[in-house]
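So you can see what is in the structure, the chains are spelled out below.
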Amino acid sequence: MWASPYAKRVEIALRLKGIPYQYVEEDLLNGKSEALLRHNPVHQKVPVLVHNGKPVIESCIILEYIDETWKSSGHALLPQEDTYRRARVRFWVEKFVLTITALGEAREEAIKELRKNMELLEEGLRANFFPEGIPQHHFDDQKNVRFLDITMCAFFGLHKAQSEFVRTTEIIDLQRTPLVFSWVESLKEVPVVKEVLPPHDEVVNLLRGFRQNAVGSSPQV
């Protein structure tokens, strides 16, 4: 689905690895296709990677599958030999797989929780990955874009659209979390990421449509 950050993770990984693929759009607003229900009968969600006729589901599982299946690409998404570093990356990915579900009475609490998690991420990035900050031109070499970078930029690369939708706060605050901010902004300039992330205005309209649909109004998508 064109705006799904989970699907975008898979697209970014395939392009970084140089793997040819066929993209099939799923119109989730108007029902789910027979192909989606057949390939992912349990969750009935995107993304689904079909390789040699066999479906692989869940975006992070798909990324690991891509990394392990196409090792010869020379672009490792996860540390290959260092199991501790690999476990550390998985921890932070799992910790910060977040969605913006700030609707109704839960909205204020959801924003507070998000703000708290972003500050934890700031500390985690500084302690574990970028103790001296992000080196200038670090992502000019696309091989430096790896598993954690992909999962986070696919989601928070849209932070300005998400902030415009939420209205009451910046999803990524330059003052509160400067390292997270510079990390995401640097990743957004990577050519593969720029090719994949959807347009700002279209994402805002989609999010507004979801909100209106949730409260019983007609979505403006």
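In case you missed it, the structure is sitting above this.
Source: prediction; values computed, not measured.

Conventions and cut-offs
Residues numbered from 1 in each chain as written. Predicted model: local features only at pLDDT ≥ 70, side-chain atom pairs only at ≥ 80, totals over all residues. Heavy atoms only, no water. Helix = DSSP H or I, 4+ residues; strand = E, 2+ residues; numbered from the N terminus. Buried < 20%, exposed > 50% of the residue type's maximum accessible area, 1.4 Å probe, protein only. Contact = heavy atoms within 4.5 Å. Pairing = 2+ DSSP bridges. Salt bridge = Lys/Arg side-chain N within 4 Å of Asp/Glu carboxyl O.

Colleague: Describe the overall build of the protein chain, listing the residues and the values that go with them.
Modeller: Of the regular secondary structure elements, the protein chain holds 10 helices and 2 strands. When its helices and strands are written in sequence order, the protein chain yields α-α-β-β-α-α-α-α-α-α-α-α. Buried residues in the protein chain amount to 42% of all 221 residues. Considering only intrachain contacts with a sequence separation of at least 6, the fraction spanning at least 24 residues in the protein chain is 65%.

Colleague: I'd like to hear about the pairing of strand β2 (residues 54-57), residue by residue, with values.
Modeller: With 4 bridges connecting them, strand β1 (residues 48-51) and β2 associate as antiparallel partners. Its bridge partner being in β2, Val 50 is matched across the sheet by Pro 55. Taking the residues between adjacent antiparallel strands as the criterion, β1 and β2 are bridged by 2 residues, where Asn 52 takes a positive phi near 55 degrees.

Colleague: Just give me the short version of the pattern of salt bridges, but keep the residues and values in it.
Modeller: Applying the stated criterion to the full structure yields 9 salt bridges. Note that Lys 8 and Glu 11 form a salt bridge whose closest N and O atoms lie 3.0 Å from each other. One end of the pair is Lys 8 and the other is Glu 11, both in helix α1 (residues 5-17) and 3 residues apart, which spans about a single turn. Considered together, Lys 8 and Glu 11 belong to a single accessibility category, that of buried residues. Among the ionic pairs, Lys 194 bridges to Glu 189, the shortest N-O distance being 3.6 Å. Classification of Glu 189 by relative accessible area gives exposed; the value is 52%.

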